[in-house]
Amino acid sequence: MFKKKLNKWLYEKTRNLLRRQAKVKPYTIEIEEYSIAYLESNNPEGKKTLILIHGLNDEKESWLILAAALKGKYHLIIIDLLGCGESDLDMDFGYTLHNQADFLEKIIQKLMEEKNIHSFSFAGHSMGGLVVLLADRLPIDKFILVDALGIHVKMTSMQEKYQKIKNVDELPFLNTHNKEQLKEMMNMAMYEPMYMPNFMLEHIIARKAEVVAFERKKFYTIVDESMVHREDLEAKIRNIKQETLIVWAKEDLSLDVASAYKMHELIENSTLKVYEACRHYPQVEKPKELARNIIAFLK
């Protein structure tokens, strides 16, 4: 028990250091009966607002390295979706893309009212690509889609492998009970996984163990047994009118890069950037390159 508490303390110290480097602070907002956690940077007049949304069974901290690389150029709001990170968890909520988009819309509308935000740019990673569902419902200036779920074109080698096993529960990110499984998950997610000390690995494993059933439920709501997402957003994506930056990792094992080229074809006013030697987390593996692309795009 002492070691578990020590691991948590060390993890939180490390997380808080990353937050300070990114110049963001933690806050919560009440939406209906739920407490929703988010990070926010200072908002002096004149800065553009950029809202960042994480992926499936992920959390807002996945954006911190990128946030630091952006060097305070934007008013950042980084949200933990319902059931993720430090936001409330509700086992009975229906975590479809459309339901999550509807709830996210409520979060953003309240934030806009409280913080006097008139418009913003919107970035979504992986399942966070659900933001495209809000394209015609919120005053969004520009989109940034990072390895975003929404269109299926081609199976990745990882998807083909787990189709053959026919047991999605064996996926490392749904079955993380020890360091070997966690490291396998990291190898799938990143081309060159970052170093993590033992206290961080052990804390992540402990946290995953507490929510494994819940994360599997959310996963199956979004992804079917063939490892393809259930809701095709092609019609929504085709209708995006906002200028859009599409960023993809060439070696992504979760969502094949072919989807990036299809999105680029569908979105008339889009720019595509494909990163070499990178997998599903460009914001972690290529933060400086991604920051440069975002800064140039949001000018």
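The structure we're discussing is the one just above.
Every chain's residues receive numbers from 1 upward, in the order its sequence appears when written. Selection of residues for local features in this predicted model requires a pLDDT of at least 70, selection of side-chain atom pairs for listing and counting requires 80 or more, and totals for whole chains, interfaces and linings are taken over all residues. The side-chain figures draw on all heavy atoms in the structure; neither hydrogens nor water molecules are used.

Enquirer: Please explain unusual backbone geometry as it appears in this structure.
Expert: Even without a glycine there, the phi angle at N57 is positive, about 55°. Each helix is a run of H or I in the DSSP string that is no shorter than four residues. Each strand is a run of E no shorter than two, and both are numbered from the N terminus. Of note, N57 is situated in the loop between β3 (49-53) and α2 (64-69). For N116, which is not a glycine, the phi torsion comes out positive at approximately 55°. Structurally, N116 can be placed in the loop between α3 (97-115) and β5 (120-125). The cut-offs for exposure are 20% and 50% of the maximum accessible area for each residue type, with area from a 1.4 Å probe on protein chains only; residues under the lower value are buried, those over the upper are exposed, and the others partly exposed. Residue classification places N116 among the exposed positions, given a relative accessible area of 55%.

Enquirer: It is not clear to me how a nonpolar patch on the surface should be interpreted in this structure. Could you clarify?
Expert: Only residues above 30% relative accessible area that lack a salt bridge enter a patch, with like-charged residues linked at up to 9 Å and the nonpolar side chains Val, Leu, Ile, Met, Phe, Trp and Tyr linked at up to 5 Å. To be clear on the numbers: accessible area is Shrake-Rupley with a 1.4 Å probe, and residue cover counts the displayed protein chains and nothing else. Counted as salt bridges are all cases of a side-chain nitrogen of Lys or Arg within 4 Å of a carboxyl oxygen of Asp or Glu. Taken together, F2, L6 and W9 make up a surface patch of nonpolar side chains, about 360 Å² in accessible area. Relative to the assigned elements, L6 resides in helix α1 (residues 2-22).

Enquirer: I would appreciate a short explanation of α3 in the present structure.
Expert: Each α-helix turn comprises 3.6 residues. Residues three or four places apart therefore point the same way. An expected span of 1.5 Å times one less than the residue number is assigned to each helix. For α3, spanning 19 residues, the distance from its first C-alpha to its last is 26 Å, which sits close to the expected 27 Å at 1.5 Å a residue. The complete set of buried residues in α3 reads L97, Q100, A101, F103, L104, E105, I107, I108, L111 and M112. Whether two residues are in contact is decided by their heavy atoms: any pair within 4.5 Å suffices. Buried-residue contacts for α3 involve β1 (24-31), β2 (34-41), β3, β4 (75-79), β5 and α6 (198-222). Following α3 by one or two positions, N116 has its phi on the positive side, about 55°.

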